[in-house]
Amino acid sequence: MVLWVFGYGSLIWKTGFPFDQRLVGFIKGYRRVFYQGSTDHRGTPEYPGRTVTLEPAEGEVCWGAAYRISGEEDEQIALSYLEVREKQYDMKAYVDFFTDHSLTAPAVSGVLVYIGSPDKKVNNNYLGPASIEEMAIQIVNAEGPSGPNRDYLFQLENALKSISCEDKHVNDLVNAVRKILPDSKIDPGEPFSFCQVQTGVNNK
């Protein structure tokens with residue numbers, strides 16, 4: 001048995017489950033947005049933080065990392081862990097995962113991804129869009145059991161750089177937060193203009 005899981009947020013830098021292989025790549029037809037509220041990790045019910053979810057977007061791609069988990073025992077460990085970690089995400093989708101823009105065939109099909117939908121009837125934590133400035137203020141002030149919301153944003157920024165990927169939405173939020181917190185600046189490093197593939201990373 002083989003399970004593939006796609007991470008586009010904190011799963012890029014922190015998995016928490018055993019895996020056999022890590023591929024850097026993208027899924028089509030979605031974009032990453034800070035529209036999902038977090039009341040259990042990066043915020044509280046009284047003051048939710050903002051974390052990423054996926055929004056359908058024709059013609060766009062979302063870069064991240066896909067993890068291959070093989071064996072029934074490891075699959076059950078991963079799924080049990082993810083069901084707790086991603087419990088505030090109400091949707092599961094199975095998507096095609098690509099590693100090369102020049103190829104029409106996906107590298108892997110049927111990759112599991114967790115999504116926080118905009119349907120507030122089933123997703124109580126969905127916050128939805130707001131101005132960059134409003135979202136930045138919320139991120140600066142939110143903190144939960146997993147730490148400050150701003151740390152999540154900065155870690156995502158660095159994780160995307162580590163896979164040579166630039167995301168305008170993330171960068172705009174980072175810049176807005178740093179204007180509020182000038183002492184929180186992190187060395188931005190070299191600019192990135194493309195996303196590359198990394199394979200064969202083992203976490204066992």
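Residues numbered from 1 in each chain as written. Predicted model: local features only at pLDDT ≥ 70, side-chain atom pairs only at ≥ 80, totals over all residues. Heavy atoms only, no water.

Draft legend 1. Representation of the overall build of the chain. When helices and strands are counted, the chain shows 4 helices and 7 strands. Along the chain direction, N to C, the helices and strands of the chain fall in the order β-β-β-α-β-β-α-β-β-α-α. Within the chain, the fraction of its 204 residues that count as buried is 50%. Here the contacts in the chain between residues at least 6 apart in sequence split such that 76% fall between residues at least 24 apart. Total accessible area computed for the chain in this model is approximately 10,000 Å², and 51% of it derives from carbon and sulfur atoms. (Helix = DSSP H or I, 4+ residues; strand = E, 2+ residues; numbered from the N terminus. Buried < 20%, exposed > 50% of the residue type's maximum accessible area, 1.4 Å probe, protein only. Contact = heavy atoms within 4.5 Å. Areas by Shrake-Rupley, 256 points an atom, 1.4 Å probe, with all protein chains shown as cover.)

Draft legend 2. Structural context of the pattern of salt bridges. Under the counting rule described, the total for this entry stands at 8 salt bridges. A salt bridge links D20 to R68; its shortest N-O distance comes to 3.5 Å. Linking D20 in the loop between β1 (2-7) and β2 (21-38) with R68 in strand β3 (residues 49-70), this pair joins segments that are 48 residues apart in sequence. Accessibility expressed as a relative area gives 18% for D20, which makes it buried. In this structure, K92 and E83 form a salt bridge, with 2.8 Å as the shortest nitrogen-oxygen distance. Three or more residues joined by partner-sharing salt bridges are found here, namely E157, K161 and R178. (Salt bridge = Lys/Arg side-chain N within 4 Å of Asp/Glu carboxyl O.)

Draft legend 3. The arrangement of the layout of surface pockets in detail. Taken as a whole, the largest pocket spans an internal volume of roughly 430 Å³. Looking at the largest pocket, it is lined by 25 residues, and the ones nearest its centre are S10, H41, R85, E86 and Y152. When contributions to the lining of the largest pocket are tallied by element, the ones reaching two or more residues are β1, β2, β3, α1 (72-85) and α3 (149-162). By residue number, the principal contributor to the lining of the largest pocket is β2, which donates 3 residues. For the lining of the largest pocket, the per-class residue count stands at 9 nonpolar, 11 polar and 5 charged. (1 Å grid on protein atoms, 1.4 Å probe; cavity = no way out; pocket = protein on both sides within 12 Å on 5 of 7 lines; lining within 4 Å. Points joined across faces, edges and corners; volume = space filled by probe spheres on them. Nonpolar A, V, L, I, M, F, W, Y, C, P; charged D, E, K, R; others polar.)

Draft legend 4. Quick look at the side chain of S117. Assignment of secondary structure puts S117 in the loop between β5 (108-115) and α2 (132-141). Not counting chain neighbours up to four residues away, the residues in contact with S117 comprise D90, M91, V122, N123 and Y126.

Draft legend 5. How the structure looks around the pairing of β5. With 6 of its 8 residues buried, β5 lies for the most part within the structure. Taken together, the 6 bridges between strand β4 (residues 91-97) and β5 define a ladder with antiparallel strand orientation. In the sheet register, A93 faces β5, and the bridge partner there is V113. (Pairing = 2+ DSSP bridges.)

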